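In case you want the letters, here they are:
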Amino acid sequence: MNGLPFVKLLQTTLRHCASAMVMLGAISLAAQAQTPEWAPTKPVRIIVPIVGSTNDVLARLLAPKLSEVLGQPVLVENKPGAGGNLGADMVAKAAPDGHTLLIGYNGPMAINVSLFDKMPYDPVKDLAPITLAVKSPQYLVAHPGSGLQSVQDLVNQARANPTKFSYGSVAVGSASHLTMEMLKMAAGVQITHVPYKGAGPAVTDLIAGNIQVVFFVPGNVQQFAKDGRLRLLASTGRKRYASTPDVPTMIELGFKDFEATVWAGFLLPAKTPKPIVDRYHRELTKVLQSPEVADKLRQIEYDVVTCTPDEFSAWIKTEIQRWGQIIKVTGSKLD
């Protein structure tokens, strides 16, 4: 049998198969290119688990920008309670469809795990990180009438008279509370804790001289320091604030590894599909890094610190360990 016709037939068939595969590949790529990226189909909610604060400012600053790119209204809802647990739990139990986001911060994401005996959600397992948004160290602030000119003054006088000073905080278990407990532990001093319901009343009492010291973020105290009603003694970051170069860090003053930052970031319910997480990560990063938004955040002494979802997840785990150690040593607990 002459094999030549068979060889030609085989060559022709292979050419046709190759052409078909090329066409199928092109069709597949075209289909992928035309597949629209995920977008919400109804209004999006950003849950802020606290009233007021930088978390609220951040949410309301980003909501209209996010609405523009998503094509749906983005609504900010304050759901305070249980140190932020109430709002965080709402998001943890929401449908993982991209229509409910959380502004997560130190309390409900890192501190409360150790502070509460029972948690309604697991911040690591029940929420999907998108990105960190902002970080800020705190100031150690004193009332001018206290006579305190430095951190060493506070340490010396508190050692000499353990009942002389009291400090305020946003609430039991807040960063402002636990940071002062860090100082008390590091310096071996006693300072009486007076918890408040928010920064406003605590700052009011500090200005009035009813308490003597606090650890608070710049937005709460810096304006009063400028007009002389409060005195900045130190900050809790690894470097000095650019706006207050004369105020030393706690680390500079000899308190090794004394870093206590306040932060906030965005999260979704766990099991949210990756395309949704990716879309939010891309859009939130763009908005946060835009000059307009970044400048406004810098004005209130917050640094934009976007990162990947995996990096945010690792940061949360690190913070849980950091604050957990302080809570364990101080014995702070909430029911």
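Please read these numbers as outputs of a predicted model, since none were measured by experiment.

**Some words on the sheet that holds strand 7 (residues 192–195)**
What links the strands of a sheet is backbone hydrogen bonding, and the strands pair in either a parallel or an antiparallel sense. A sheet is described by the order of its strands in space; here five strands give the open sequence 7-6-8-5-9, paired in mixed fashion. Pairing within the sheet leaves two strands with one partner each, and these edge strands are strand 7 and strand 9 (231–235). Taking each pair of neighbouring strands and ignoring which way they run, the sheet shows an average axis angle of 30°. Along the sheet face, helix 8 (residues 218–226) touches strand 5 (139–142), strand 8 (213–216) and strand 9 and points at about 45° away from the line of strand 5.

**Brief notes about the side chain of S136**
As for its placement among the helices and strands, S136 is situated in strand 4 (residues 127–137). Side-chain polar atoms of S136 contact the backbone oxygen of E301, separated by 3.1 Å. In contact with S136, not counting residues within four places along its chain, are P218, Y241, T261, V262, E301 and Y302.

**Focus: the pattern of salt bridges**
Applying the stated rule across the entire model yields 16 salt bridges. For K93, the salt bridge identified is with D89, shortest N-O distance 2.5 Å. Ionic pairing is found between D227 and R229, a salt bridge with its closest N-O pair at 2.9 Å. Among the charged side chains, a salt-bridge network with shared partners connects E37, R279, R282 and E283.

**Observations concerning the sheet that holds strand 3 (residues 100–105)**
What the six strands build is an open sheet, ordered 2-1-3-10-4-11; its pairing is mixed. Two strands lie at the open edges of the sheet, namely strand 2 (74–78) and strand 11 (303–304), each paired on one side alone. Bridge analysis of strand 4 against strand 11 gives two bridges, and the strand direction is antiparallel. Directly across from V134, in strand 11, lies its bridge partner V304.

**Quick word on the packing of helix 2 (residues 53–70) against helix 10 (residues 291–299)**
Look at helix 2 against helix 10: their axes get within 11 Å of each other, and the N-to-C directions meet at 170°. Our classification of the angle between helix 2 and helix 10 gives roughly antiparallel. Contacts between helix 2 and helix 10 involve L58, L61, L62 and K65 from the former and E292, V293, K296 and L297 from the latter. Here the contact of helix 2 with helix 10 is built from residues that sort into five nonpolar, no polar and three charged.

**Some words on the nonpolar core**
One finds L58, L140, L183, F266 and Y280 to be the most contacted residues of the largest nonpolar core, which totals 83 residues. Setting aside anything within four residues of it in sequence, one finds L140 in contact with V151, L154, M180, L183, V213, V214, F215, R231, L232, L233, A234 and M250. Core analysis: the second largest hydrophobic core is formed by 17 residues, V141, V203, F216 and V247 among them.

**So, unusual backbone geometry**
Residue D257 is not a glycine yet carries a positive backbone phi of 60°. On the basis of relative accessibility, which here comes to 48%, the residue D257 falls in the partly exposed class. The phi angle at K271 is positive, at roughly 75°, despite the residue not being glycine. Within the secondary structure, K271 is located in the loop between strand 10 (261–269) and helix 9 (274–289).

**Some words on the environment of N220**
By the element assignment, N220 lies in helix 8. On the basis of relative accessible area, N220 is assigned to the partly exposed category, the value being 25%. Once the C-alpha coordinates of N220 and Q138 are considered, the two residues, 82 residues apart in sequence, prove to be 9.7 Å apart. When residues no more than four places from it in sequence are discounted, the contact partners of N220 are A199 and V203.

The rules behind each value
- Residues numbered from 1 in each chain as written.
- Predicted model: local features only at pLDDT ≥ 70, side-chain atom pairs only at ≥ 80, totals over all residues.
- Heavy atoms only, no water.
- Pairing = 2+ DSSP bridges.
- Helix = DSSP H or I, 4+ residues; strand = E, 2+ residues; numbered from the N terminus.
- Axes fitted to C-alpha atoms, helices over the stretch in contact; angles between N-to-C directions.
- Contact = heavy atoms within 4.5 Å.
- Polar contact = N/O pair within 3.5 Å; in protein donor to acceptor, adjacent residues only side chain to side chain.
- Salt bridge = Lys/Arg side-chain N within 4 Å of Asp/Glu carboxyl O.
- Parallel < 35°, antiparallel > 145°, perpendicular 65-115°, else oblique.
- Nonpolar A, V, L, I, M, F, W, Y, C, P; charged D, E, K, R; others polar.
- Core = buried A, V, L, I, M, F, W, Y, C linked by side-chain atoms within 4.5 Å.
- Buried < 20%, exposed > 50% of the residue type's maximum accessible area, 1.4 Å probe, protein only.

By themselves, these figures tell us nothing about what the structure is for.
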